[in-house]
Amino acid sequence: MNVKLLTAIALALTLSSCASVYNSEGTNGTRNTGASTRPSTGTGTVSQPVTSSTAPAPERKSVPLWGQYYTVKKSEGLYRIAVNHGLLMTDLAVWNGLSEPYSLNPGQRLRLFPPTGAQNSTASTPINTGAPASSGFAWAWPASGNIVSWFQPGEPTKQGIGISGRVGEPIKAAADGVVVYSGNGLVGYGELVIIKHNDQWLSAYGHNRNRLVKENDRVTRGQTIAEMGTSNGQPQLHFEIRYNGKPVDPRTYLPAQR
């Protein structure tokens, strides 16, 4: 997978961190594209803008990415991570209890939102996803089992639902679309497939045993795209629906059969 795609996933889809506590036990897909790391960048400094004494620049505010985390890569600095996620470095430091010189270690996990109850004058309140009651197209269940874990807004490990089943059973596309990711480079999702349905709607299928589609493949609703794997030792699919990159409760859009 190229750097451009990984950046798009991290920034537009925001999936690379919110489920990092899951334990996936799937195996590589039959069409494993792999994953590449971003180019190394160092810690930068923020230069102060020149403003008029009569027209001071408005105070910039960070918009927290609620429930999302980021795993530090080799040679990455706090400033670059903050910029890549649209945050102020000072806010990111406070939210993670970091002090100058803001040293980071590869594999370190950073929260991209303030801790519960934290006082932060620059942080805004959570933003409603604004997702409509209907997507405008039909959805289908991606697996036939029961729901074993439920969507909880703001809970980083529950940004979708878990659907039980048997190891190896077919995982099906929930709606027509194009595969924009097929790989295992996003920590916490195991073998993952992401389908783009239009400019606003995406669906994600994690913890697969095998992936049966590759990036840029066009798929139809009900088409088999993967085989079920395991999570936390149990056969299940982790399934998400996202509107403008933000997770919504899949049960709102799936047919009422459970």
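Each value, and the rule that gives it
- Residues numbered from 1 in each chain as written.
- Predicted model: local features only at pLDDT ≥ 70, side-chain atom pairs only at ≥ 80, totals over all residues.
- Heavy atoms only, no water.
- Salt bridge = Lys/Arg side-chain N within 4 Å of Asp/Glu carboxyl O.
- Buried < 20%, exposed > 50% of the residue type's maximum accessible area, 1.4 Å probe, protein only.
- Helix = DSSP H or I, 4+ residues; strand = E, 2+ residues; numbered from the N terminus.
- Pairing = 2+ DSSP bridges.
- Core = buried A, V, L, I, M, F, W, Y, C linked by side-chain atoms within 4.5 Å.
- pLDDT = per-residue confidence, 0-100.
- Contact = heavy atoms within 4.5 Å.
- Phe/Tyr/Trp six-rings, centres within 6.5 Å; stacked < 30°, edge-to-face > 60°.

In this section: the pattern of salt bridges. Tallied over the full model, the rule gives seven salt bridges. For lysine 196, the salt bridge is made with aspartate 199, and the minimal N-O distance between the two is 3.5 Å. In this structure aspartate 199 comes out as exposed when scored by relative accessible area, which is 73%. The residue glutamate 240 makes a salt bridge to arginine 242 at a minimum N-O spacing of 2.8 Å.

The omega torsion of the bond from glutamate 100 to proline 101 falls at 10°, within 30 degrees of zero and hence cis. Checked against the element boundaries, proline 101 lands in the loop between helix 3 (89–95) and strand 2 (109–111). Its identity is not glycine, yet histidine 207 carries a phi of approximately 65°, on the positive side. Here histidine 207 shows up in strand 8 (residues 201–211).

The buried fraction of strand 12 (residues 234–243) is high, at eight of ten residues. Note: strand 4 (residues 161–164) against strand 12, four bridges, orientation antiparallel. Residue pairing across strands places glycine 162 opposite histidine 238, the latter belonging to strand 12. Pairing of strand 8 with strand 12, which is carried by six bridges, proceeds in the antiparallel orientation.

Residues Tyr205, Ile225 and Phe239 are the most contacted members of the largest nonpolar core, which totals 28 residues. Those elements giving two or more residues to this core turn out to be strand 4, strand 7 (191–196), strand 8, strand 10 (224–228) and strand 12. Here the element with the most residues in this core is strand 12; it accounts for four residues. Counting residues in hydrophobic clusters, the runner-up holds 16 residues, among them Tyr70, Leu78, Tyr102 and Leu110.

Turning our attention to the confidence of the model for the chain. Chain-level pLDDT for the chain is 76 on average; 70% of the residues reach the 70-or-more range. Note on residues 16–59: pLDDT is under 50 here. Beyond four places in sequence and across chains, it has 108 contacts. This stretch, residues 117–127, has a pLDDT under 50; its non-local contacts, to residues over four places away or in other chains, come to 17 contacts.

To continue, consider the environment of leucine 92. One can find leucine 92 in helix 3. Its relative accessible area of 0% is what places leucine 92 among the buried residues. Those residues in contact with leucine 92, other than ones at most four positions away along the chain, are Leu78, Ile81, Ala82, Leu87, Leu110, Arg111 and Leu112.

Tallied over the entire structure, the rule returns seven aromatic pairs. Where phenylalanine 137 meets tryptophan 201, the ring centres are 6.5 Å apart and the plane angle is 90°; that geometry is what we call edge-to-face. One end of the pair, phenylalanine 137, is in the loop between strand 2 and strand 3 (147–149); the other, tryptophan 201, is in strand 8, and 64 residues separate them in sequence. Residue classification places phenylalanine 137 among the partly exposed positions, given a relative accessible area of 26%. Residues tryptophan 201 and tyrosine 243 carry aromatic rings whose centres are separated by 4.8 Å and whose planes lie at 50° to one another, so their mutual orientation is tilted.

Most of strand 7 sits inside the fold, with five of its six residues counted as buried. Where strand 6 (residues 177–183) lies against strand 7, five bridges are found, and the strand directions are antiparallel. Residue pairing for strand 7: valine 178 is matched across the bridge by lysine 196. By the bridge criterion, five bridges tie strand 7 to strand 8 in an arrangement that is antiparallel. If you follow isoleucine 195 over to strand 8, its bridge partner there is serine 203. Joining the antiparallel neighbours strand 7 and strand 8 is a turn of four residues.

Following the sequence through the fold, valine 167 ends up in the loop between strand 4 and strand 5 (170–172). Judged by relative accessible area, which is 43%, valine 167 ranks as partly exposed. Sequence separation between valine 167 and glutamine 236 is 69 residues, and the spatial gap between their C-alpha atoms is 7.7 Å. Excluding its chain neighbours within four sequence positions, the residues that come into contact with valine 167 are Arg209, Met228, Gly229, Thr230 and Pro235.

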